[in-house]
Amino acid sequence: EELPKFIPMFLIGSFIIFNFIMLRLLKNSLLLPVGDHAIPTAKIYYVPIASIVLMFLYSKLSDHFDGKAIFIFLVSIFGLMFLIYAIYLHDNTTSIVSYTFYVIAELWSTVIFGTSMWAFFNDICNIDQAKRFYVLVSGAQVGSLIASGSSKWIVNTFGDNGDCSLLSSLND
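All of these numbers come straight from a predicted model, not from anything done at the bench. (Residues numbered from 1 in each chain as written. Predicted model: local features only at pLDDT ≥ 70, side-chain atom pairs only at ≥ 80, totals over all residues. Heavy atoms only, no water.)

Structural notes on the packing of aromatic side chains
1) Next: Summed over all chains, the structure comprises twelve aromatic pairs.
2) Next: With 4.6 Å between their ring centres and 35 degrees between their planes, Tyr 85 and Phe 101 make a pair best called tilted. Placement of Tyr 85 in helix α3 (residues 67-89) and of Phe 101 in helix α4 (residues 95-124) is noted, with a sequence separation of 16 residues between them. Here Tyr 85 matches Phe 101 in class, with each residue buried.
3) Next: Each residue in the set Phe 71, Phe 113, Trp 118, Phe 120 and Phe 121 is aromatic and connected to the rest through ring pairs, giving one cluster. (Phe/Tyr/Trp six-rings, centres within 6.5 Å; stacked < 30°, edge-to-face > 60°. Helix = DSSP H or I, 4+ residues; strand = E, 2+ residues; numbered from the N terminus. Buried < 20%, exposed > 50% of the residue type's maximum accessible area, 1.4 Å probe, protein only.)

So, in structure tokens, the structure goes:
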């Protein structure tokens, strides 16, 4: 009787880990054309500020909503931002777009995986279920395995001497 609860949790955890791995691979490669200073600048100045703002927002949301509602809201916001980037901004090589993507990708692991997903799972599981489910959900490396294989396939299929034009080919 617990499978209908466990399977979605397992799939959500795998999907979030998959996105984390893919974003980790993409964020640096999209910021490097800005310059050698871009990654340290993003990590020192932009990511901490965005983290503080997002955790303040999370704190305010948690005063009024449960973990499920916050999780759905934040995943929707992140998904919308990534969708806008994929459809409209991927050809834009200005530094502001590159920095914005880097910050959003960096915050995915902290906000969605590290905080929001576990708050959602805490709301839907009791203590006995949590003892059994959490080890399996957090240990579900399915997302990372699929992401590793997918990234290799993407580079082999769409890459040309390191130039991966996946987004351009999807847009055509």
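Quick look at α3
1) Next: The terminal C-alpha atoms of α3, which comprises 23 residues, lie 31 Å apart, in line with the 33 Å expected from a rise of 1.5 Å per residue.
2) Next: Three or more residues of α3 are buried, namely Gly 67, Ile 70, Phe 71, Leu 74, Phe 78, Phe 82 and Tyr 85. (Expected span 1.5 Å × (residues − 1).)

Things to note about helix α2 (residues 38-64)
1) Next: In this model, α2 (27 residues) spans 37 Å end to end at C-alpha, consistent with the 39 Å of a helix rising 1.5 Å per residue.
2) Next: Buried residues of α2: Ala 38, Ile 39, Thr 41, Ala 42, Val 47, Leu 54, Tyr 58 and Leu 61, and no others.
3) Next: Structurally, α2 contributes buried residues whose contacts are with α1 (3-31), α3 and α4. (Contact = heavy atoms within 4.5 Å.)

Re the nonpolar core
1) Next: Judged by nonpolar contacts, the single largest core of 39 residues is most densely connected at Phe 78, Ile 112, Phe 121 and Tyr 134.
2) Next: Counting residues per element, this core draws most heavily on α4, at 16 residues.
3) Next: Ile 112 has contacts with Ile 16, Phe 71, Leu 74, Val 75, Phe 78, Leu 107 and Met 117, leaving out every residue within four places of it along the chain.
4) Next: Residues Ile 17, Ile 21, Ala 147 and Ile 154 belong to the second largest nonpolar core, which totals five residues. (Core = buried A, V, L, I, M, F, W, Y, C linked by side-chain atoms within 4.5 Å.)

As for the packing of α1 against α4
1) Next: Contact pair α1 / α4: the axes reach a minimum separation of 9 Å and the direction vectors enclose 165 degrees. With respect to α4, the axis of α1 lies roughly antiparallel. In this structure, α1 crosses over α4, and the sense of that crossing is left-handed. (Axes fitted to C-alpha atoms, helices over the stretch in contact; angles between N-to-C directions. Parallel < 35°, antiparallel > 145°, perpendicular 65-115°, else oblique. Left-handed = near helix turned anticlockwise from the far one by under 90°.)

Quick look at a nonpolar patch on the surface
1) Next: A contiguous nonpolar surface patch, about 560 Å² in accessible area, is contributed by Leu 80, Leu 83, Ile 84, Ile 87, Tyr 88 and Leu 89.
2) Next: Relative to the helices and strands, Leu 89 resides in helix α3. (Patch = residues over 30% accessible without salt bridge, like charges linked within 9 Å, V, L, I, M, F, W, Y side chains within 5 Å. Areas by Shrake-Rupley, 256 points an atom, 1.4 Å probe, with all protein chains shown as cover. Salt bridge = Lys/Arg side-chain N within 4 Å of Asp/Glu carboxyl O.)

Side note on the confidence of the model for the chain
The predicted coordinates should not be examined in detail at positions where pLDDT is low.
1) Next: Put simply, the chain has an average pLDDT of 83, and 87% of its residues get 70 or more.
2) Next: No element of the chain has a lower mean pLDDT than helix α7 (residues 166-171), at 44, and none a higher one than α2, at 94.
3) Next: Counting contacts from residues 164-172, a segment whose pLDDT is below 50, to residues more than four positions away or on other chains yields 14 contacts. (pLDDT = per-residue confidence, 0-100.)

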